[in-house]
Amino acid sequence: MTIDLEIKKKIINDWQNAFPQLSVFGQNKLYKILGPVIIGLELIKLPGVEKYRPHFVMYPLWKKDVKTCLDYPIILKEFYTKKGLQYNISYAASALFVEAVDSVQKQSPLAFGGDIYLNKIFAIINEYSKTPPLSAAPYSYLQADLQKARFEIAMYINTSEAHNVLQEIEKITWDVNHFKACGIDVKVWLQRLQEKVNNRDGLLYQIEKNKQEKKISKLRKSELVA
């Protein structure tokens, strides 16, 4: 049985009612702007069945356009049942909805209401970097890309914060071979980060430009603070 759009619309509205700090963004997404990032929930459909799982997401806002920003999340974090199991929530009437909302409230790495401190974002990214599969390769390019996101977020606050993060990144002995496998030269990658420190205005301009995109501009907003 294929669930029709009206049922899916009701479900996303039920989630939005549970988390009014977020705005509906399509059939299965609830987002808000938090300074230089988008955070929120995605109800990801399971393949082959009419069921879904809620996930916490964080996306950048500093890339060349909104489509590119939303191509791949900085963080994608699943929520779990009281028994520690994965959710399989039916699009039909499901008693799991109430429990799932409670899980999100208790397990979400960030609160969805109000401003958030920079060190809280940093702590979440660092914690995420230690979870599988990322934890299996702590010096990989995937890890580096996550730390690059931390650098960009710091740049949004000020260049001093960005310098601090850059110094941490430069001290890490990155896996050169994994970088090469991803088509990246470590030295060039580090050099580009150094160059970005001198172009904070460009980063702020791009973030603001993406925030003005029609669909994004309608999202609820909070700020990231030092």
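The shown structure was predicted, so the numbers you read here are calculated from the model rather than taken from an experiment.

Engineer: Which residues make up the layout of surface pockets, and what are the values?
Structural biologist: As a volume, the largest pocket reaches approximately 710 Å³. Lining the largest pocket are 28 residues; nearest its centre among them are Tyr72, Pro73, Leu142, Asp145 and Leu146. Of all the secondary-structure elements, those providing two or more residues to the lining of the largest pocket are β5 (75-78), α5 (141-157) and α8 (186-197). Ranked by residues supplied to the lining of the largest pocket, first place goes to α5 with seven residues. For the lining of the largest pocket, the per-class residue count stands at 19 nonpolar, two polar and seven charged.

Engineer: Kindly report on the side chain of serine 23, identifying the contributing residues and their values.
Structural biologist: Note on placement: serine 23 falls in strand β1 (residues 23-24). Here serine 23 falls in the buried class, since its relative accessible area comes to 6%. Apart from residues no more than four positions distant in its own chain, serine 23 is found in contact with Lys29, Leu30, Tyr31, Lys218, Leu219 and Arg220.

Engineer: Just give me the short version of the side chain of serine 140, but keep the residues and values in it.
Structural biologist: Within the secondary structure, serine 140 is located in the loop between α4 (118-129) and α5. Its relative accessible area of 4% is what places serine 140 among the buried residues. If we skip the residues at most four places from it in the chain, serine 140 touches Trp174, Asp175, His178 and Phe179.

Engineer: Outline the packing of aromatic side chains, listing residues and values.
Structural biologist: One pass over the full model with this rule turns up eleven aromatic pairs. On the basis of an interplanar angle of 35 degrees and a centroid distance of 5.0 Å, the ring pair of phenylalanine 25 and tyrosine 31 is categorised as tilted. Its relative accessible area of 9% is what places phenylalanine 25 among the buried residues. On the basis of an interplanar angle of 20 degrees and a centroid distance of 6.2 Å, the ring pair of phenylalanine 56 and phenylalanine 112 is categorised as stacked. In this pair, phenylalanine 56 sits in strand β4 (residues 51-60) while phenylalanine 112 sits in the loop between α3 (96-107) and β7 (116-117), placing the two residues 56 residues apart along the sequence. Across this residue pair, the class does not change: phenylalanine 56 and phenylalanine 112 are buried. Grouping aromatic residues by their ring pairs yields a cluster made of Trp15, Phe19, Phe56, Phe97 and Phe112. Above the ring of phenylalanine 122, the side-chain terminus of arginine 150 is found at 4.9 Å from the ring centroid. In this structure, lysine 215 is placed above the aromatic ring of phenylalanine 25, and the distance from its NZ or CZ to the ring centre is 4.4 Å.

Engineer: Could you give an account of α4, with specific residues and numbers?
Structural biologist: Relative to the 16 Å expected for twelve residues at 1.5 Å per residue, α4 spans 17 Å between its end C-alpha atoms, a close match to the ideal helical length. Residues Leu118, Ile121, Phe122, Ile124, Ile125, Tyr128 and Ser129 constitute the buried set of α4. Buried residues of α4, viewed axially, fall in a sector of 160 degrees; they line one side. Set apart from the buried face of α4 by more than 90 degrees, the exposed residues are Asn119 and Glu127.

How each quantity is defined
- Residues numbered from 1 in each chain as written.
- Predicted model: local features only at pLDDT ≥ 70, side-chain atom pairs only at ≥ 80, totals over all residues.
- Heavy atoms only, no water.
- 1 Å grid on protein atoms, 1.4 Å probe; cavity = no way out; pocket = protein on both sides within 12 Å on 5 of 7 lines; lining within 4 Å.
- Points joined across faces, edges and corners; volume = space filled by probe spheres on them.
- Helix = DSSP H or I, 4+ residues; strand = E, 2+ residues; numbered from the N terminus.
- Nonpolar A, V, L, I, M, F, W, Y, C, P; charged D, E, K, R; others polar.
- Buried < 20%, exposed > 50% of the residue type's maximum accessible area, 1.4 Å probe, protein only.
- Contact = heavy atoms within 4.5 Å.
- Phe/Tyr/Trp six-rings, centres within 6.5 Å; stacked < 30°, edge-to-face > 60°.
- Lys NZ or Arg CZ within 6 Å of the ring centre and 35° of its normal.
- Expected span 1.5 Å × (residues − 1).
- Arc of directions from axis to C-beta.

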